[in-house]
Each structure stands twice: as C-alpha cells, then as structure tokens.
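Examination of the molecular architecture
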Amino acid sequence: MSADDIDARARRQVAAEERRMRSRRSTTLRDAFTEFLRHPSPWMITAFLVISFAARIRLGGWGFADLVVPVVMIASFPLAEWLIHVFVLHWRPKRWGPITIDPLVARKHREHHANPRNIPLVFIPWQVLVTVVLAAVAVGLVVFASAERGLTFMVTLAAIGLVYEWTHYLIHSDYRPRHAYYRRLWRNHRFHHYRNEHYWFAVTTAGTADRLLHTYPDPETVEKSPTAKDLHALSRTAD
C-alpha cells in the first residue's frame, strides 16, 4: 500500500470518528459535573485546596506577594502544562541497565491515548496525585520565604489543578462545546488524540505555549499519525 493510500485511509478514519462523535447524544453540563464528582482526583484536589485555603486565612499576614505568586503561576502555567505533557506524560520508557524507567503517569497516559473514551483514564491517577500534593507541601514550606507565601502557592496550585482536571474531563465527555473559546480547546485536544499526538499539547489554553513552541500547525497540513493511539508504537514493539 502506498503512502498516499495510507494517508487517505487515515483521513477516512478520522472523518468517521468525528461523525461518530457528532452523532452521540450530547450530555448536559450538570450531568457532566455529576460524573466528574464520581472520580477521586477532583475530591483530592478540592480537599487540598480547602485545607490550604483555610490555613492561609488563619495565618493572615497578607502582602503584595500574595498577588504576585498567583499571577506568575497562572501566567506560566501554559508553558508548564506543555512541558509536563511533552516530557512527562509522553515519556518514552528507557532502559538503565536491568531497570526500565517508565513512571506510572506515563503508562496511564499511554492507556489514555489508546482509549480516549475511557473516562477514568482521563483523570490524574490518585497515586500520582498523592506524590504531587506531598511535593507541593514540601515546596511551599521550604522554597518560599514564609509559610504564608508557601500556602498561597499551594492554594493557587490546587485551583489550577482543579481547572485542569475539569477541562480535560469535559473535553473527553459527551458535553458539546457551546462557546467559541471552549470549542477551540475541544478541537485542539481532539486533534492531539485523533490526528497527531506530536502537536496541540495545551489543554486548558488554546494555542498559547503551542504557538510559542511551534506545535500549533494548521490541522489541514498535518497527516494522521499512525501512533496517535499507540504512543511510541510500544504495543507493536511488544508484539
């Protein structure tokens, strides 16, 4: 089969998948939120947010840095999200002597690409989230000059994490986009899953870090990747 035949077949598959997505019954935002609450990571992040916020309120001692920290974190998050997606979630397993370095979060993300409709795989694994929370507490208490600013960091991180989980889940749910901005998020992430996994890494923003780092091409110029559902073609290697 020629390269042109392969590309034509891939484009037909993408078109068929998009038709199937359009034909599914759209869920309401309320139904989507109800399903969202059935999974552990939203509750874990919310608990971290509430505890951090309560502790921050109790300590008081507000200052200008309590505004600077959230602004810097929110402004830099698109780049951080891109870096994590590329270098952590799309991590290729590596051999180091007899040991294979293949973190749980990367393994779960490969499963997510293999089956984007599997909703539990959309969420951050709880084991990974425990590690992230512990690391965030350590950073908040050690890196920052005061406990007050460290708690501001933790509150902001938890809020960003909750927005990320909700946005990523909603994109993979049957809720259809009704607003232009969310429609762009929805389309970009579906291009990442169904057209080519090497582009459109941003989830919560539309074309920010992707434009900066040249992973935001015109979709019509990008061929369907044969490994979009089999990251690094690892299942073929195993076979």
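Here's what I pulled together on the structure shown here. Computed from a predicted structure; not experimentally measured.

We now examine the overall build of the protein. Check the secondary structure of the protein and you find 10 helices and two strands. Tracing the protein from N to C terminus, the helices and strands come up as α-α-α-α-β-β-α-α-α-α-α-α. Within the protein, the proportion of its 239 residues that are buried is 43%. Entry remark: accessible area of the protein is about 13700 Å², with carbon and sulfur atoms responsible for 65%.

To continue, consider a nonpolar patch on the surface. On the surface, Leu 79, Leu 83, Ile 84, Phe 87, Val 88, Leu 212 and Leu 213 cluster together into a nonpolar patch covering about 600 Å² of accessible area. In terms of residues, the nonpolar patch owes the most to one element, helix H4 (residues 65–89), which gives five residues. Inspection of the secondary structure assignment puts Ile 84 in helix H4. Accessibility expressed as a relative area gives 43% for Ile 84, which makes it partly exposed.

Before going further, it helps to spend a moment on the packing of helix H3 (residues 40–59) against helix H7 (residues 147–172). Contact pair H3 / H7: the axes reach a minimum separation of 8 Å and the direction vectors enclose 155°. One way to sum up the angle between H3 and H7 is to call them roughly antiparallel. Note that H3 runs across H7; the crossing there is left-handed. Together, Ser 41, Pro 42, Ile 45, Thr 46, Phe 48, Leu 49, Ser 52, Phe 53, Ala 55, Arg 56 and Leu 59 of H3 and Ala 147, Glu 148, Arg 149, Leu 151, Thr 152, Met 154, Val 155, Ala 158, Ala 159, Gly 161, Leu 162 and Glu 165 of H7 make up the contact between the two elements.

At a closest axis distance of 10 Å, the pairing of H4 and H7 adopts a crossing angle of 40°. Put simply, H4 runs oblique to H7. Crossing handedness for the pair H4 and H7: right-handed. Seen from H4, the contacting residues are Ala 65, Asp 66, Val 69, Pro 70, Met 73, Ile 74, Phe 77 and Glu 81; seen from H7, they are Glu 148, Arg 149, Thr 152, Phe 153, Thr 156, Leu 157, Ile 160 and Tyr 164. Here the contact of H4 with H7 is built from residues that sort into 10 nonpolar, two polar and four charged.

Calculation notes
Residues numbered from 1 in each chain as written. Predicted model: local features only at pLDDT ≥ 70, side-chain atom pairs only at ≥ 80, totals over all residues. Heavy atoms only, no water. Helix = DSSP H or I, 4+ residues; strand = E, 2+ residues; numbered from the N terminus. Buried < 20%, exposed > 50% of the residue type's maximum accessible area, 1.4 Å probe, protein only. Areas by Shrake-Rupley, 256 points an atom, 1.4 Å probe, with all protein chains shown as cover. Patch = residues over 30% accessible without salt bridge, like charges linked within 9 Å, V, L, I, M, F, W, Y side chains within 5 Å. Salt bridge = Lys/Arg side-chain N within 4 Å of Asp/Glu carboxyl O. Axes fitted to C-alpha atoms, helices over the stretch in contact; angles between N-to-C directions. Parallel < 35°, antiparallel > 145°, perpendicular 65-115°, else oblique. Left-handed = near helix turned anticlockwise from the far one by under 90°. Contact = heavy atoms within 4.5 Å. Nonpolar A, V, L, I, M, F, W, Y, C, P; charged D, E, K, R; others polar.

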